[in-house]
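# Structural description and commentary
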Amino acid sequence: MKRKLIAAIGVAGMLVSVAACGSDDKTSSQDPKDRKENLTVWLMGEAQSTWPELVKDVNAEFNKKYPGVTVKVQYQQWADKVKKLDTSLGGDKFPDVVELGNTETMQYILNGALGEIDPKKYENSDTWIKGLKDTCTFEGKTYCVPYYASARLAVYNKDMLKAGTGSDELPQTEDEFLKAMDKVSAELGKKDKRASSLYFPGRYWYAAMSYVAAYGGQIATYDEGAKEWKGSLSSPESQKGLEHFVNLVKKYNKADQTKDEQDHANVMANEKAAVIYGQAWEAGSVTGGENGNPKLEGKIATAGIPGPNGKALPSFIGGSDLATISKSKVQDLGQEWIALFTNAKGGDVLASKNVLPNNEKQLEPLKTKPETAAIANAVPDAWFTPIAPGWASVEKEEILENVLLEILKGASVADASKKADDKINALINKKS
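Per chain, residues are indexed from 1 in the order of the written sequence. This being a predicted model, a pLDDT of at least 70 is required before a residue's local features are given, and a value of 80 or more before pairs of side-chain atoms are given or counted; all residues contribute to the totals for chains, interfaces and linings. Neither water nor hydrogens contribute to the side-chain values; these are computed over all heavy atoms in the structure.

An unreviewed UniProt entry lists the protein under the name Sugar ABC transporter substrate-binding protein, from Streptomyces arboris.

Written out as structure tokens, the structure is:
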């Protein structure tokens, strides 16, 4: 079965190199002080900008045991990480440890790129958050370690909100929230016609699918009778969600409506947005890091964003996982580094940054902490993309982005969603 799935996502030649490589058993039996290898770790930029002390402390602790091993942490950007990783895996210069978004892991599990791990070797693995654990598991085996969980919420500029509404607290119902956005839009428009009260980029499919979920829709459902997945964006419920999202984009986004969300924290940092729908750590990116605006320190807050039908907007359970590369000759070192990075101490550091740790035990206190209550409580009811092998393809994002763009440019919701379902069906049930 696995060979068919690998062929289905178009992997060429990778398995040959994977099978020929791997962790050398001789190295794992060496005295730790005699190890002289390099360990290359790819982390995303958030670790550099928001919790650099965790990286520093883990490297220091790791080097106490392995003083001769050089840990090379290389920070990546989401926009081009997958392309860089795919290119590196086709050659002989690749990371030993890599951070993957939880929507990316299936692709690399199926193509044999990730090394198998034993969950028992990782602290708190018995309470890993299910949404992340599932993305690391295939056919009863585990191929990565949950790093942190996330759920999207409103990140907002308190001064901009107060200038428009008289209050710096986000309303709790969607009707009141949108009335507030109308007032903020009017106030911003007096000074800057390109500033948005609610900045929703048109290709922001994570946000769009949250509205789909709010109305009871789904990207795809599994047909038990036919034993296959079927796209369901053309269902009445999903269509309501798509239409609702696109209407919000048209009304409140005063900038380029065809963009994605990759730079929305920068948009807020440049004071071009009062509210974005992002992850909690992005509040830190607005004020700190390479592109942050320190003048906004203390002015950026987070809160749950209200959705339709009197409920909170359902959030995608996002987050990251950490894995070793199966071609690596130092997988044992990589696994030890990951174990240190994701242990309870690491979880405490993330929690102190208002980032959700990888396990229910450390998540629980955050459910009552004012700064994290909204996002921590969103995790149990969060939605996720279809757990189907065909969904691992990078084409999925293009399908979801295109349906939004087509509606945004004037296509009917019914026509655009039907076309998207046809593409989803072809993708998700792709066979060799």
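What makes a nonpolar core is a set of buried Ala, Val, Leu, Ile, Met, Phe, Trp, Tyr and Cys residues whose side-chain atoms join them at distances within 4.5 Å. Working definition: with a 1.4 Å probe on protein chains only, accessible area under 20% of the residue-type maximum means buried, over 50% means exposed, and in between means partly exposed. Among the nonpolar cores identified, the biggest contains 56 residues, and Met-181, Phe-200, Met-209 and Phe-245 are the most heavily contacted of them. Starting at the N terminus, helices and strands are each numbered in turn, a helix being any DSSP run of H or I of at least four residues and a strand any DSSP run of E of at least two. Among the elements that take part in this core, helix α11 (residues 205-214) stands out by supplying eight residues, more than any other. Once residues within four sequence positions are removed from consideration, Met-209 is found in contact with Ile-219, Leu-233, Leu-242, Trp-383 and Leu-400. Core analysis: the next-biggest nonpolar cluster, separate from the first, contains 31 residues, Leu-39, Val-145, Leu-340 and Val-349 among them. Contacts: residue pairs with any heavy atoms within 4.5 Å of one another.

Put simply, side chains in a regular strand alternate between the two faces of the sheet. Counting buried positions along strand β11 (residues 273-278) gives six out of six residues, so the element sits mostly inside the fold. The sheet contact formed by strand β7 (residues 153-157) and β11 spans four bridges and is antiparallel. Its bridge partner being in β11, Leu-153 is matched across the sheet by Gly-278. Relative to β11, strand β8 (residues 196-199) is paired through three bridges, and the arrangement is parallel. Residue Leu-198 lies in a different strand from β11, and its bridge partner there is Val-275. Pairing between strands requires that DSSP locate at least two bridges from one strand to the other.

Turning our attention to the sheet that holds β11. The strand order across the open sheet formed by four strands is β8-β11-β7-β12, and the pairing between neighbours is mixed. At either margin of the open sheet sits one strand with a lone partner, and together these are β8 and β12 (300-303). On average, each strand axis in the sheet is inclined to that of its neighbour by 15°, with strand direction left out of account. Pairing of β7 with β12, which is carried by four bridges, proceeds in the antiparallel orientation. Across the sheet, the residue bridging to Ala-154 is Ala-303, located in β12. Those strands touched by helix α9 (residues 158-165) are β7, β11 and β12, and its axis lies near 75° from that of β7. In this analysis an axis means a line fitted to C-alpha atoms, helices contributing only their contacting stretch, and an angle means the value between N-to-C directions, from 0 to 180 degrees.

On to the confidence of the model for the protein. Low-pLDDT portions of the prediction should not be read for the details of their coordinates. Within a predicted model, pLDDT stands for the predictor's per-residue confidence, ranging from 0 to 100. Of all residues in the protein, 93% have pLDDT values of 70 or greater, and the mean over the chain is 90. A low-confidence stretch, residues 1-25 (pLDDT under 50), is modelled with 43 contacts involving residues beyond four sequence positions or located in other chains.

Our next topic: helix α15 (residues 331-341). Most of α15 sits inside the fold, with nine of its eleven residues counted as buried. Here α15 has its buried residues at Gln-331, Asp-332, Leu-333, Gly-334, Gln-335, Trp-337, Ile-338, Leu-340 and Phe-341.

Attention shifts here to the domain arrangement of the protein. As a measure of interface size, the accessible area lost when the parts come together is often cited. Boundaries of every domain are those given by an automatic assignment or by a domain database. As far as domains go, the protein holds domain 1 (38-151 + 317-379) and domain 2 (152-316 + 387-426). Centre-to-centre, using C-alpha coordinates, domain 1 lies 26 Å away from domain 2. Taken together, the contact between domain 1 and domain 2 spans 22 residues of the former and 19 residues of the latter. Between domain 1 and domain 2, roughly 1,600 Å² of surface is buried when both sides are summed, and carbon and sulfur atoms account for 65% of that area. The term salt bridge refers to a side-chain nitrogen of Lys or Arg lying within 4 Å of a carboxyl oxygen of Asp or Glu. Scanning the region where domain 1 abuts domain 2 turns up zero salt bridges. Here a polar contact is taken to be a pair of N or O atoms separated by no more than 3.5 Å, where protein atoms must pair a possible hydrogen donor with a possible acceptor and residues adjacent in sequence count only if both atoms sit in side chains. Where domain 1 meets domain 2, there are three residue pairs in polar contact (both at pLDDT 80 or more). Looking at the side of domain 1 that touches domain 2, the elements that each hand over two or more residues are α4 (45-49), α7 (105-110), β6 (145-151), β13 (317-324) and α18 (373-378). Gly falls in the polar group here, along with every residue not listed as nonpolar (Ala, Val, Leu, Ile, Met, Phe, Trp, Tyr, Cys, Pro) or charged (Asp, Glu, Lys, Arg). Its residues assigned to classes, the side of domain 1 that touches domain 2 shows 13 nonpolar, seven polar and two charged. Here the quantity called buried area is the total loss of accessible area, with a 1.4 Å probe, experienced by two parts when brought into contact, counted for both.

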